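One letter stands for each residue in the lines below.
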Amino acid sequence: MVMKLKKLVSVLLVGACVVSLAACGSDKKEKSDDGDKKSKDTLVMATNAEFPPYEFRDGDDVVGIDAEVAQAIADKLGMELKIEDMAFDSIIPAVTSGKADFGAAGLTVTDERKENVDFTDTYAKATQVIMVKEDSKVAGPDDLTGKKIGVQLGTTGDIYAGDIEDAEVERYNKGFEAVQALQQGKIDAVVIDGEPAKEFVKQAEGIKILDEAFTEEEYALAVDKGNEDLLGKINDALNELKDNGKLDEIVDKYINADDAE
Ligand code: ARG
């Protein structure tokens, strides 16, 4: 009778483990699987590859300034870089949940974001610009009152557009989708970062960038709040790249070289 009971208990235990197999084995699986790899020597970068020249796709690869800077940092730390391409507004949640180690996405340093993440030293200056149709009457920020403005969801452009009096903000998943909507006359203007704007006008006929920049901002990488160890390591590597000219070299490769303006 006792034996039978023991057997029953062990059968039940095996059963329980079979039912929750996914949970039981997931720890080990994560490391051996290619899918969601995150081990000690892999540095996972969260980005949104819709933002040339900082990050964009070349076939299956994510390339651009951020990808190369991150690769150089990973090399310095002796780690393997893994890039995860996701929606822009998923980047900070990915970093705070530990799904990614850091975010690199032309991320503007803002006080609001600082409540959730820690920013590294900055590595680029940026502006928000206004894009309009070539024949548009909108000539500067003051003309945006009451207009339909397209932005990429969750970006600083989204925040600024929301501050414009009576403006109607149309949010797109990709910056270029906003530019296409502008071409089609669905919206009156796009507020977006200056460098991708320059790339997008090359691809979108009939669109221009207004001279008057909207705001000035700075980009940095983001790590989880309180992750001082990684923050320190990335800053050391980043500052080395600034000092030895490697950062300029990467930026020149994507920006200054073919842009005379
Ligand atoms: N600089 C802007 C921001 O931080 C836009 C960044 C968009 N980046 C991207 N990879 N789509 O909100």
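Quick note: structure is the one above.
Let me sum up the structure you'll find in this document. None of these values were measured; they are calculated from a predicted model.

Quick look at the overall build of the protein now. From N to C terminus, the protein includes 10 helices and 12 strands. Buried residues in the protein amount to 43% of all 261 residues. For the protein, the share of sequence-separated contacts (at least 6 apart) that also reach a separation of at least 24 residues comes to 70%. For the protein, the computed accessible surface area is about 14100 Å², with 49% contributed by carbon and sulfur atoms.

Glancing now at the nonpolar core. Core analysis: the biggest nonpolar cluster contains 30 residues, and Tyr54, Val69, Ile73, Phe102 and Tyr123 have the highest contact counts within it. Elements with a minimum of two residues in this core: β1 (42-47), α3 (65-77), β7 (117-133), β12 (215-224), α9 (228-243) and α10 (246-254). Once you skip the residues sitting within four places of it in the chain, Tyr54 turns out to touch Val63, Gly64, Ile65, Asp66, Ala67, Tyr123, Ala124, Glu195, Tyr219 and Ile255. The next biggest cluster of nonpolar side chains, apart from the first, holds 15 residues, and it includes Val44, Leu107, Val117 and Ala222.

This part is about a negative patch on the surface. Taken together, the side chains of Asp142, Asp143, Asp211 and Glu212 make up a negatively charged region of the molecular surface. With respect to the helices, strands and loops of the structure, Glu212 is situated in the loop between β11 (207-209) and β12.

Attention shifts here to unusual backbone geometry. Here the amide bond leading from Pro52 into Pro53 is cis, since omega sits at 5°, within 30 degrees of zero. Its place among the elements puts Pro53 in the loop between β2 (50-51) and β3 (55-58). Backbone geometry places Asp166, a non-glycine residue, at a positive phi of 55°. For Asp166, a relative accessible area of 62% puts it in the exposed group.

Per the counting criterion, the structure on display carries seven aromatic pairs. Note on Tyr123 and Tyr219: the rings are 6.5 Å apart at their centroids and 50° apart in plane angle, and the pair reads as tilted. With a gap of 96 residues between them, Tyr123 in strand β7 and Tyr219 in strand β12 connect regions that are remote in the sequence. We classify Tyr123 as buried; its relative accessible area is 8%. Ring pairs connect the aromatic residues Phe51, Tyr54, Tyr123 and Tyr219, which therefore count as one cluster.

Reading the values: the criteria
- Residues numbered from 1 in each chain as written.
- Predicted model: local features only at pLDDT ≥ 70, side-chain atom pairs only at ≥ 80, totals over all residues.
- Heavy atoms only, no water.
- Helix = DSSP H or I, 4+ residues; strand = E, 2+ residues; numbered from the N terminus.
- Buried < 20%, exposed > 50% of the residue type's maximum accessible area, 1.4 Å probe, protein only.
- Contact = heavy atoms within 4.5 Å.
- Areas by Shrake-Rupley, 256 points an atom, 1.4 Å probe, with all protein chains shown as cover.
- Core = buried A, V, L, I, M, F, W, Y, C linked by side-chain atoms within 4.5 Å.
- Patch = residues over 30% accessible without salt bridge, like charges linked within 9 Å, V, L, I, M, F, W, Y side chains within 5 Å.
- Salt bridge = Lys/Arg side-chain N within 4 Å of Asp/Glu carboxyl O.
- Lys, Arg positive; Asp, Glu negative; His and termini not counted.
- Charge placed at Lys NZ, Arg CZ, Asp CG, Glu CD.
- Phe/Tyr/Trp six-rings, centres within 6.5 Å; stacked < 30°, edge-to-face > 60°.

Remember, this is a structural readout, not a statement about activity or role.
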